Amino acid sequence: MASSKPTSGKKSLNTVTLLFKLPYYTQWGQSLLIAGSEPALGSWNVKQGLSLTPVHQDIELFWCGRVSVAAGFTSEYKYYVVDDNKNVLRFESGEKRKLVLPEGVQDGDVIEIRDWWQDASDALFLRSAFKNVIFNDTEGVKKELQSVPVNKSLDSEDIVVQFVISCPRLVSGSTVVVTGSNPQLGRWQVQDGLKLSYVGGSMWKANCVLRKSEFPVKYKYCQISQAGNPSLELGPNREVDIDLSSPKQSRYVVLSDGALRDAPWRGAGVAVPVFSIRSDEDLGVGEFLDLKLLVDWAVNSGFHLVQLLPINDTSVHGMWWDSYPYSSLSVFALHPLYLRVQALSDAIPADVKEEIQQAKKHLDKKDVDYEASLSTKMSIARKIFNLEKDKVLNSSSFKQFLSENEEWLKPYAAFCFLRDFFETSDHSQWGRFSEFSKEKLEKLISEGTLHHDVIRFHYYVQYHLYMQLSEAGAYARKKKVILKGDLPIGVDRNSVDTWVYPTLFRMNTATGAPPDYFDKNGQNWGFPTYNWEEMSKDNYGWWRARLTQMAKYFTAYRIDHILGFFRIWELPDHAATGLVGKFRPSIPLSQEELLSEGLWDFDRMSRPYIRQEILEEKFGSFWTVIAANFLNEYQKHCYEFKEDCNTEKKIIAKIKTSPEKSLWLEKEDSIRRGLFDLIQNIVLIRDPEDPTKFYPRFNLEDTSSFGDLDDHSKNVLRRLYYDYYFARQENMWRQNALKTLPVLLNSSDMLACGEDLGLIPACVHPVMQELGLIGLRIQRMPSEPNLEFGIPSQYSYMTVCAPSCHDCSTLRAWWEEDEGRRSRFYKTVVGSDEEPPSRCTPEVVHFIVQQHFDAPSMWAIFPLQDLLALKDKYTTRPAPEETINDPTNPKHYWRFRVHVTLESLLDDKDIQATIKDLVTSSGRAFPGKVEGADESREKLSKVQLNGKA
């Protein structure tokens, strides 16, 4: 065993020995230790913690450690997996363990603490989504904290066993008992079992005095409802035994048994962007206060969750381009688009009320008119602000809001003023204000300036947005509905965040994704990539602040493009497409490595490969015009791009502005695509920061540059390509994610889900499982190789399943857009050889939706459009018009609106009943049905109650 550590320099008069035991299998070079809040456990310094020693017992491996402490010892602690130098490799998830010694311990006693490793998935039900929303009435179970005494004097044959179990999903009014094989535990009769006491934090305890001769003892925990119905935990019987041969016998055994083993909890939800909601009160776009109606509809339909797209301010360009919700102007500020101006004041003048009524009629369109809605709202808000600014801004509520948010709110307001003053968000064009400083900021926002009311107006709008979203969030929690937000992977390069924290971003780069299901040419989102090295210096403070802010409104969130926390697809800022990028971080191909493989002509492989025959094939007789305007012939039949068009962005600019542009009128798109093909016709990408490092171009075998190489070079490049994309990076990417993602997860107690679609490295799913992150499964984008359609019945529990999402066509559009795919789905998934209906009928929708409700996934979350397709009357609009985003179009207008109001949907009892029937028949939990387990769990058979399940 590990050597004891004294609790202090002075020995206590009464000391006891703690013996920790934990079953855990490690890999070579790994060991376990305990770090805790007290000096005996290292005072949270892992390197000073209590080292544990491996002990084999039969086929199990236990890690054990002893330490002497004072009889009244209490401490918080956690288990850690470390390497030989005590560097942390992994640590337990969930809340810190709390050790309180049983009452009555005496000098010299040995207290054996038998723990189970707390996996991240075990801790999910302690997250706010469950703790504060779905099971927020469990406080009614607990009434008041109770002590756990030992109610008899002990002799040498007595052993005190303390049963400890976590019950975060306990139903209001329920109690917990432990029943088992001996008389003190009721001999498997639940009504005679040992009743446990609530001791806080979802934990229940009871002490039981057993004779040594009674061991081993078999037992199980059981919930008993307020009506007296017992529900025995699932799984095999638990067992406790003691080592009678030990010379230093444990007098007390603490059985920290983890969580009560209940049926997997499964819930359902609806996904819709705020801007897509339609109500009787909105001004052409959904608003935060509309979420209360959406929550009511969700509850009536049996849903526990409402999922939204990002809601941060995106007002970068001052036009409809800003409809893109993932391009944040500020990761902290809310979008003024979602403000309800009617709720700004109780004393709105009659003329302003009339203006609001007229705006309602004018903006009630099929789709969102982003610019008109936003400008109308801001115009009305300014009028109300001018009438009540002093009253609101001097209120205690506003002052508290300003005090709690000034770190981001003041720079945001100053940025908005400067953006409008200079008529650009490109802060590099702001003269002396281009570089942010706190001194400049304080002068900008000071009271004596002429523009101070402009600054205060931005405070005022953000304050009301905060109040309105907070009201919606509180309403959702009251109704047991989780509000799930969205954490975008990037920020706009012309944003408050890049202005205030420029060192956190690599401003000469852009973020995107390699070719995948969404776009065969890859995606270029335009966001700068992160400087993770700089971010790590304050333990990722910017990220922690983002999550803290989100947690004010949401109890769950989606991590956009979670793959970016393993590695990001980095592009040069002069790229317009997403094809010619590289992963960051990644291990490149070195010049030495390539030379050792017989590859030496680096210019040939890394420069665009342009030959006359390629030009003739691509442009036909027009090739001479292309060559004359865009290319130089550096040797016979060999060409390179001119300096003014040697990047993708330069090509776009030259096509539009060249004096010769009349030569290619009406051919611009085909010429641009052809020139992009030429500039992308490479097999290696040279690192701009180190010319001796190279990266294989994605899908390099598709290029004519590769096709014209000799066979040896082709074979080498194929092997190196596979190694770069699918082998050599895995450990680095795993370690990268384990540095960053735990910081996010520990920054709040929100439930986290990761969008893990696309080209998925092998390390992603194991890391997500280790961290308790819920993944995403879209049926048309299976993660399994060689499958065209996912099989919902085979999804793992730690997933969200959905038939579609905002980044792809709706279920109706997907069904109707490809006849061949529709037939294959009908045959392989529906199991029918008949001709499928060309139209996505309600019957087809019902079948696919039912599959997802029935899936083992923890969550089934459906786009609202897919749910409404269950009824014919909601399918009159052409299906493609219901698509929210087209990932292949970087300038897509995000403007879809549901064509029916929430009030009308609430009046439609038929659609709500249809959906609720699907929820209940699948055994998923719904608001009002707190059990959330299979119906068969509500009444247990006598066989189960006899402990023989």
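Use the structure listed above.
As the structure is a computational prediction, the values presented were derived from the model and not from experiment.

Caption draft 1: Broad picture of the overall build of the chain. The number of helices and strands found in the chain is 28 helices and 38 strands. Along the first, second and third principal axes, the C-alpha atoms of the chain reach 105 × 80 × 75 Å. Classification of the 949 residues of the chain by burial places 58% in the buried group. The contacts of the chain with a sequence gap of at least 6 include a subset with a gap of at least 24, amounting to 73%. Of the accessible surface of the chain, which amounts to about 40000 Å², a share of 50% is contributed by carbon and sulfur atoms. Of note, the chain has its 113 positive side-chain charges centred 4 Å away from the centre of its 128 negative side-chain charges.

Caption draft 2: Examining the sheet that holds strand β34 (residues 690-696) more closely. Taken in spatial order, the 3 strands of this open sheet run β29-β34-β33, and their pairing is antiparallel. Because the sheet does not close on itself, it has two edges, and the strands there are β29 (589-590) and β33 (684-687). Of the strand pairs in this sheet, β33 and β34 are connected by 4 bridges, and their pairing is antiparallel. Paired with leucine 684 across the strands is proline 696, a residue of β34. Running at roughly 90 degrees to β34, helix α19 (residues 711-726) makes contact with β29, β33 and β34 of the sheet.

Caption draft 3: Structural view of the packing of aromatic side chains. Evaluated as defined, the whole model comprises 70 aromatic pairs. Where tryptophan 320 meets tyrosine 893, the ring centres are 4.8 Å apart and the plane angle is 25 degrees; that geometry is what we call stacked. With tryptophan 320 in the loop between β20 (305-307) and α4 (350-363) and tyrosine 893 in the loop between α25 (864-868) and α26 (902-907), this residue pair connects regions lying 573 residues apart in the sequence. Judged by relative accessible area, tyrosine 893 falls into the buried class, the value being 18%. With centroids separated by 6.0 Å and ring planes inclined at 80 degrees, the aromatic side chains of tryptophan 569 and phenylalanine 698 adopt a geometry described as edge-to-face. Separated by 129 residues along the polypeptide, tryptophan 569 in strand β27 (residues 568-572) and phenylalanine 698 in the loop between β34 and α18 (704-707) bring together distant segments of the chain. Judged on exposure class, the residue tryptophan 569 and its partner phenylalanine 698 are both buried. Put simply, the rings of Trp569, Phe583, Tyr695, Phe698, Tyr721, Tyr722, Tyr724, Tyr725, Phe726 and Trp733 touch in pairs and so form one group of aromatic residues.

Caption draft 4: Looking closely at α19. Its 16 residues give α19 an end-to-end C-alpha distance of 22 Å, which sits within 8% of 22 Å, the value for a rise of 1.5 Å per residue. For α19, every residue scored as buried is listed here: Ser713, Lys714, Val716, Leu717, Leu720, Tyr721, Tyr724 and Tyr725. Taken around the axis of α19, the buried residues stretch over an arc of 165 degrees, which confines them to a single face. Pointing more than 90 degrees away from the buried face of α19 are the exposed residues Asp711 and Tyr722. The opening residue of α19 is aspartate 710, an N-cap whose side-chain oxygen sits 3.1 Å from the backbone nitrogen of histidine 712.

Caption draft 5: Structural view of the pairing of strand β9 (residues 110-114). Within β9, 5 of the 5 residues are buried, leaving the element largely enclosed by the surrounding structure. Burial of the side chains of β9 extends over both faces: Val110, Glu112 and Arg114 are buried on one face and Ile111 and Ile113 on the other. Alignment of strand β1 (residues 15-23) against β9, held across 5 bridges, turns out to be parallel. Residue pairing in the sheet places lysine 21 in a bridge with arginine 114 of β9. In this structure, β9 lies alongside strand β18 (residues 252-259), joined through 4 bridges in parallel fashion. Paired with isoleucine 111 across the bridge in β18 is tyrosine 252.

Caption draft 6: Structural view of the nonpolar core. If you look at the biggest cluster of nonpolar residues, it comprises 186 residues, and the most contacted ones within it are Leu291, Trp297, Phe303, Trp542, Trp543 and Tyr557. Of the residues forming this core, the biggest block, 12 residues, is contributed by helix α6 (residues 396-422). Contact partners of leucine 291, with chain neighbours within four places excluded, come to Val274, Ile277, Leu308, Leu469, Ala472 and Leu483. In terms of nonpolar packing, the next biggest core, distinct from the first, is built from 30 residues, Leu18, Phe20, Leu61 and Val81 among them.

Caption draft 7: Region of interest: a negative patch on the surface. A contiguous patch of negative charge on the surface is contributed by Glu613, Glu616, Glu617 and Asp708. Mapped onto the elements, glutamate 616 comes out in helix α14 (residues 612-619). Relative accessible area serves as the criterion here: at 36%, glutamate 616 is assigned to the partly exposed category.

Caption draft 8: Geometry of the side chain of serine 276. Take serine 276: it is sitting in the loop between β19 (267-271) and α3 (291-300). On the basis of relative accessibility, which here comes to 0%, the residue serine 276 falls in the buried class. With residues up to four places along the chain from it excluded, the contact list for serine 276 reads Phe896, Arg897 and Val898.

Caption draft 9: Structural view of the pairing of strand β11 (residues 175-180). Of all 6 residues in β11, 5 are buried; the element is thus mostly enclosed. Summarising the sheet, β11 and strand β15 (residues 217-224) pair through 6 bridges and their orientation is antiparallel. Looking across to β15, one finds that valine 176 is bridged to glutamine 223.

Caption draft 10: Summary view of unusual backbone geometry. With an omega dihedral of 0 degrees, the bond running from phenylalanine 215 to proline 216 counts as a cis peptide bond. With respect to the secondary-structure elements, proline 216 resides in the loop between β14 (203-211) and β15. Look at the link from arginine 584 to proline 585: it is a cis peptide, with omega at -5 degrees. Relative to the helices and strands, proline 585 resides in the loop between β28 (582-584) and β29.

Caption draft 11: Geometry of the pattern of salt bridges. The final tally for this structure, using the stated rule, is 62 salt bridges. A salt bridge links arginine 686 to aspartate 603; the shortest N-O distance between them is 3.1 Å. Here the residue arginine 686 occupies a position in strand β33, and aspartate 603 occupies one in helix α13 (residues 602-606), the gap between them amounting to 83 residues. The exposure class assigned to arginine 686 is partly exposed, which follows from its relative accessible area of 28%.

Definitions and limits used
Residues numbered from 1 in each chain as written. Predicted model: local features only at pLDDT ≥ 70, side-chain atom pairs only at ≥ 80, totals over all residues. Heavy atoms only, no water. Helix = DSSP H or I, 4+ residues; strand = E, 2+ residues; numbered from the N terminus. Buried < 20%, exposed > 50% of the residue type's maximum accessible area, 1.4 Å probe, protein only. Contact = heavy atoms within 4.5 Å. Areas by Shrake-Rupley, 256 points an atom, 1.4 Å probe, with all protein chains shown as cover. Lys, Arg positive; Asp, Glu negative; His and termini not counted. Charge placed at Lys NZ, Arg CZ, Asp CG, Glu CD. Pairing = 2+ DSSP bridges. Axes fitted to C-alpha atoms, helices over the stretch in contact; angles between N-to-C directions. Phe/Tyr/Trp six-rings, centres within 6.5 Å; stacked < 30°, edge-to-face > 60°. Expected span 1.5 Å × (residues − 1). Arc of directions from axis to C-beta. Polar contact = N/O pair within 3.5 Å; in protein donor to acceptor, adjacent residues only side chain to side chain. Core = buried A, V, L, I, M, F, W, Y, C linked by side-chain atoms within 4.5 Å. Patch = residues over 30% accessible without salt bridge, like charges linked within 9 Å, V, L, I, M, F, W, Y side chains within 5 Å. Salt bridge = Lys/Arg side-chain N within 4 Å of Asp/Glu carboxyl O.

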